[in-house]
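Observations on the model geometry
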Amino acid sequence: MKLPIHAVITGITVVLASCSSPSIEHTGNGKDTTGGAPVETKAPNSDYKPAFAGQTRIAGVHTTTPYEGTILSDGLEGPWGITALPDGRLLITEKKGDLRIATVSGQLSAPITGIPAVNPAGQGGLLGIRVDPDFSTNRMVYWVFSDPLPEGNLTAVAKGKLSADEKTIEGATVIYRATPAYKGTLHYGGRIVFDKNGNILISTGERSDLETRPQAQQLNSALGKVLRITKEGKPVDGNPFAGQADKRPEIYSYGHRNVQGLAFNPETGDLWETEFGPRGGDEVNRIEPGKNYGWPTITYGIEYAGPKVGEGIQQKAGLEQPVYYWDPVISPSGITFYSGNGIAEWKNNLFISSLSGMHIDRLVIKDNKVVGEERLLATEDQRFRDIAEGKDGILYAITDNGRLYSIHKK
Ligand SMILES: [Ca+2]
């Protein structure tokens, strides 16, 4: 990445003032994508061709508003999920099983007790987190975790009430288990978002192994899916496979590998997701109910060991194409759309926390297509795990080695 960053380090604030680049034209509205070289310069893993122009390696864009990333805290331990409370503070999960509240100045609470045990091995742990849309009156919190059952592990959803003194979760109850359980510790998915009707969307994974991978295509399994459930953990009336024999009524979409990003586009109301591909083939998808997103039948990635996946095809009738894909992978974890006013050119852009890519990916979207890409905070050398917009319209991001960042106008 060749961002001409003035890496002025002032205390713990890393200033990322944007500056002009001779290779990039920009008008200041963030939508001029002409002339920017794609941000990815490494060779792809395969010679697979995209289904349409702009599906990968789109033109690079460059934020013109001066912004900075500030390390608010480095005292978290393996943070995984972050969301804003109505009062503006942040609720953060730690993979090992703890929940904390952070102020926007980075002060961390002690771990909040009352969270049932998680299996933190591998990719499991205490994962995605959201609060009830009516949290201000009911103080309910919802989270996703890897549930250690005798027959194996699975992705589960629980809820409980944050006590008045904020020290404990009261009455924690598991409301949904994405069966079947499996004795593995990979590909749990793990994000959660509320829709405008107060229902819950959950992402799962196909548990990684060849043995479970086909279940992403099977409608009698909750693995490799986006699921839509009520606050009580029941399938939502009107879900696409409700009432159909041998199909799970909680399924919303299928054919997913490992979905760690879920967010609603504030401009269109559509649900978007990101998922990890194999070697190459990380994806951004716009989710429509009942549709098949292809894994493992089609993919722009190859197996880690090198061979093609299945028949080695990338497109097939009846299977949805990703809006965008990356090869090599960036490992897209949590995502958020930006609806704040602080940096006008970011409005309705999709921000993706990238683990192996070690940056925040910014995608400019127009008419449901990606029209520009930028890498933010790439000099921080951090695996970004999740990103959320605060009540103050500022972006907050967490990293695997325990940092909490704010990303804001300078
Ligand atoms: Ca796909």
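Scroll up for the structure.
Residues numbered from 1 in each chain as written. Predicted model: local features only at pLDDT ≥ 70, side-chain atom pairs only at ≥ 80, totals over all residues. Heavy atoms only, no water.

1. Points about the pairing of strand β7 (residues 126–131)
The side chains of a regular strand alternate, first on one face of the sheet and then on the other. Within β7, 5 of the 6 residues are buried, which leaves the element mostly enclosed by the surrounding structure. Sheet topology places β7 next to strand β8 (residues 140–149); 4 bridges connect them, and they run antiparallel. By the bridge assignment, Arg-130 is partnered in β8 with Tyr-142. (Buried < 20%, exposed > 50% of the residue type's maximum accessible area, 1.4 Å probe, protein only. Helix = DSSP H or I, 4+ residues; strand = E, 2+ residues; numbered from the N terminus. Pairing = 2+ DSSP bridges.)

2. Some words on the pattern of salt bridges
For the structure shown, the criterion picks out 22 salt bridges. The partner of Lys-96 in a salt bridge is Glu-94, with the nearest N and O atoms 2.8 Å apart. Residue classification places Lys-96 among the partly exposed residues on the basis of a relative accessible area of 35%. One salt bridge connects Glu-94 with Arg-100, and the closest N-O pair in it is separated by 3.0 Å. For the pair formed by Glu-94 and Arg-100, the shared burial category is buried. Each of Glu-77, Glu-94, Lys-96, Asp-98 and Arg-100 takes part in salt bridges that share partners, so that together they form one network. (Salt bridge = Lys/Arg side-chain N within 4 Å of Asp/Glu carboxyl O.)

3. Details of the coordination of the calcium ion
Those donors, Glu-283 (OE), Glu-283 (OE) and Tyr-293 (O), are the protein atoms that reach the calcium ion, and they lie 2.3 to 2.6 Å from it. Pair noted here: Glu-283 is in strand β17 (residues 282–287) and Tyr-293 is in the loop between β17 and β18 (324–326), with a separation of 10 residues, a long-range link. One exposure class covers both Glu-283 and Tyr-293, and it is buried. (Donors = N, O, S within 2.8 Å, 3.2 Å for Na, K, Ca; no water.)

4. As for the sheet that holds strand β22 (residues 369–376)
The strands making up a sheet associate through backbone hydrogen bonding, with each pair oriented either parallel or antiparallel. If you trace the 4 strands from one edge of the open sheet to the other, you get β19-β20-β21-β22, paired in antiparallel fashion. In this open sheet, the two strands that pair with only one neighbour each are β19 (332–337) and β22. Between one strand axis and the next, the sheet turns through 25 degrees on average, direction left out of account. Direction of pairing for β19 relative to strand β20 (residues 350–354): antiparallel, over a ladder of 4 bridges. Bridging across to β20, Pro-332 finds its partner in Ser-354. (Axes fitted to C-alpha atoms, helices over the stretch in contact; angles between N-to-C directions.)

5. A look at the environment of Ile-343
One can find Ile-343 in the loop between β19 and β20. Relative accessible area serves as the criterion here: at 1%, Ile-343 is assigned to the buried category. When the C-alpha atoms of Ile-343 and Met-140 are compared, they prove to be 32 Å apart, with 203 residues separating the residues in sequence. Residues contacting Ile-343, with those up to four places away along its chain left out, are Thr-63, Thr-65, Tyr-67, Tyr-338, His-408 and Lys-409. (Contact = heavy atoms within 4.5 Å.)

6. Some remarks on the sheet that holds β17
Strand order in this open sheet of 4 strands is β15-β16-β17-β18, and the pairing throughout is antiparallel. The sheet is open, and its two borders are formed by β15 (259–264) and β18, each paired with just one other strand. Within this sheet the neighbouring strands show an average axis-to-axis angle of 15 degrees, counted without direction.

7. Quick look at the packing of aromatic side chains
Within this structure, the stated rule accounts for 10 aromatic pairs. Pairing Phe-384 with Tyr-405 gives two aromatic rings, centres 5.5 Å apart and planes at 50 degrees, and the pair type is tilted. One end of the pair, Phe-384, is in strand β23 (residues 384–389); the other, Tyr-405, is in strand β25 (residues 404–409), with 21 residues separating them in the sequence. Here Phe-384 and Tyr-405 have matching classes, each one buried. One aromatic cluster is present, built from ring pairs that chain together Tyr-67, Tyr-338, Trp-346 and Phe-351. We note Arg-207 situated over the ring of Tyr-188; from NZ or CZ to the ring centre the distance is 4.2 Å. (Phe/Tyr/Trp six-rings, centres within 6.5 Å; stacked < 30°, edge-to-face > 60°. Lys NZ or Arg CZ within 6 Å of the ring centre and 35° of its normal.)

Keep in mind these values describe shape, not function.
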